[in-house]
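One letter stands for each residue in the lines below.
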Amino acid sequence: MQKVNDKKESLPGELAILPLKGTVIYPGLALPLIIGRERSIQLIDDALTGEKIIGVVTQKDPKIEEPKEDEMYAFGVAVSILKMVRVSEKDIRVVVQGISRIKIEKFVEKDPYYRAEIIPIAEHEEDGIEIEALMVNVKELFRKVVELSPQVPSELTSMITNLKSPGMLSDFITSSLNIPVEEKQEILENLDVLHRLNRVTEILNRELQVLELGQRIQSQVKEGI
């Protein structure tokens, strides 16, 4: 089986582009997607007969059924299609794994689906005392958020324990949080690993404050009853 890193090195300069509604994908992470648009299903069918690598980008407005070129973010991710299952007459379910951040240079085709020239975004891992301290802090904040949030699976805390990459840690935590798509896209486009970790710290602190306030309100209501 070809490794993600190997695929990253051999990305083509042009990819079919799949627009996503309300979802942001990150490199290194696997995610299931439900796809129902005819254009998108044809894109997946065609990709499965080839290299199984496509580009995914997020729509700026999830309510738009057929987004135009300027209605999609320019930054996205090249993904490998791992699995495809038909779940109904109209919908398919695919599992994709992120390979690399990409930037769309220009669209070259619109029909039967979008194709674009892309540039893979190389990420440089950083280390040092500040990065290590931020990673420890982010992991602890995330554990607290998981403890208080019924929407975040508890097993995710054990999954971050052995993550050594600050970039992947930031991406993994962001993908797990129930935050606006615009913030998830912001993290995707943030190529400075130190700045990305700092931004994730801010988001986690905010989410923790909201959860703690909710818990206090709930306790006061119970006491009142």
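One can find the structure itself at the top, above this paragraph.
Residues numbered from 1 in each chain as written. Predicted model: local features only at pLDDT ≥ 70, side-chain atom pairs only at ≥ 80, totals over all residues. Heavy atoms only, no water.

### With respect to the overall build of the chain
Secondary structure assignment for the chain yields seven helices and six strands. Taken from the N to the C terminus, the helices and strands of the chain come in the order α-β-β-α-β-β-β-β-α-α-α-α-α. Here the C-alpha radius of gyration of the chain, 19 Å, is about what a compact globule of 225 residues would show, namely 17 Å. Each principal axis of the C-alpha distribution contributes one length, and for the chain these read about 60 × 45 × 35 Å. Contacts in the chain between residues far apart in sequence, at least 24 positions, make up 67% of those at least 6 positions apart. A total of about 12,400 Å² of accessible surface is found on the chain, and carbon and sulfur atoms cover 50% of it. In the chain, the 29 positive side-chain charges and the 38 negative ones have mean positions that sit 4 Å from each other. (Helix = DSSP H or I, 4+ residues; strand = E, 2+ residues; numbered from the N terminus. Rg over C-alpha atoms; globule rule 2.2 N^0.38 Å. Contact = heavy atoms within 4.5 Å. Areas by Shrake-Rupley, 256 points an atom, 1.4 Å probe, with all protein chains shown as cover. Lys, Arg positive; Asp, Glu negative; His and termini not counted. Charge placed at Lys NZ, Arg CZ, Asp CG, Glu CD.)

### With respect to the nonpolar core
By size, the foremost hydrophobic cluster in this structure holds 47 residues, and its most contacted members are Leu18, Ile44, Ile54, Phe142, Ile173 and Leu204. Residue contributions to this core peak at eight residues, all from helix H3 (residues 129-148). Excluding its chain neighbours within four sequence positions, the residues that come into contact with Phe142 are Val152, Leu156, Ile160, Ile173, Ser176, Leu177 and Leu204. (Core = buried A, V, L, I, M, F, W, Y, C linked by side-chain atoms within 4.5 Å. Buried < 20%, exposed > 50% of the residue type's maximum accessible area, 1.4 Å probe, protein only.)

### Considering a nonpolar patch on the surface
Together, Ile34, Val85 and Val87 make up an exposed nonpolar region whose accessible area comes to about 250 Å². Here Val85 lies in strand S4 (residues 75-86). (Patch = residues over 30% accessible without salt bridge, like charges linked within 9 Å, V, L, I, M, F, W, Y side chains within 5 Å. Salt bridge = Lys/Arg side-chain N within 4 Å of Asp/Glu carboxyl O.)

### Some details on the side chain of Arg101
The topology assignment puts Arg101 in strand S5 (residues 92-109). Judged by its relative accessible area of 0%, Arg101 is buried. Within polar-contact distance, the side chain of Arg101 engages the backbone oxygen of Ile187 at 3.3 Å. A polar atom in the side chain of Arg101 sits 2.6 Å from the backbone oxygen of Leu188. (Polar contact = N/O pair within 3.5 Å; in protein donor to acceptor, adjacent residues only side chain to side chain.)

### Looking at unusual backbone geometry
Cis geometry is found at the peptide bond from Asp111 to Pro112, where omega equals 0°. Residues other than glycine seldom take positive phi values, yet Lys52 does so here, at roughly 65°. Looking at the element boundaries, Lys52 is found in the loop between helix H2 (38-48) and strand S3 (53-58). You can call Lys52 partly exposed: its relative accessible area is 34%.

### Section: the pairing of S3
Successive side chains on a regular strand alternate, one facing one side of the sheet and the next facing the other. In terms of burial, S3 is a largely internal element, six of the six residues being buried. Burial of S3 is two-sided: the residues Ile53, Gly55 and Val57 facing one way and the residues Ile54, Val56 and Thr58 facing the other way are all buried. One ladder, built from four bridges, connects strand S1 (residues 14-20) with S3; its direction is parallel. Looking across to S3, one finds that Leu18 is bridged to Val56. Across four bridges, the pairing between S3 and S4 is antiparallel. Following the sheet pairing, Val56 is matched in S4 by Val77. (Pairing = 2+ DSSP bridges.)

### Side note on empty space enclosed by the protein
Considering all chains together, one arrives at two cavities of 30 Å³ or more under this definition. Empty space within the largest cavity amounts to approximately 90 Å³. Forming the boundary of the largest cavity are Ile17, Leu18, Pro19, Arg37, Arg39, Ser40, Leu43, Glu65, Glu66, Pro67, Tyr113 and Tyr114. Put simply, the parts of the chain that give the lining of the largest cavity at least two residues each are S1 and H2. Tallied by class, the residues present in the lining of the largest cavity amount to seven nonpolar, one polar and four charged. Quantified by volume, the second largest cavity comes out at close to 40 Å³. The wall of the second largest cavity is formed by Thr23, Val24, Ile25, Val56, Val57, Thr58, Phe75, Gly76, Val77, Gln185 and Leu188. Within the residue set of the lining of the second largest cavity, elements represented by two or more residues are S3, S4 and helix H6 (181-189). (1 Å grid on protein atoms, 1.4 Å probe; cavity = no way out; pocket = protein on both sides within 12 Å on 5 of 7 lines; lining within 4 Å. Points joined across faces, edges and corners; volume = space filled by probe spheres on them. Nonpolar A, V, L, I, M, F, W, Y, C, P; charged D, E, K, R; others polar.)

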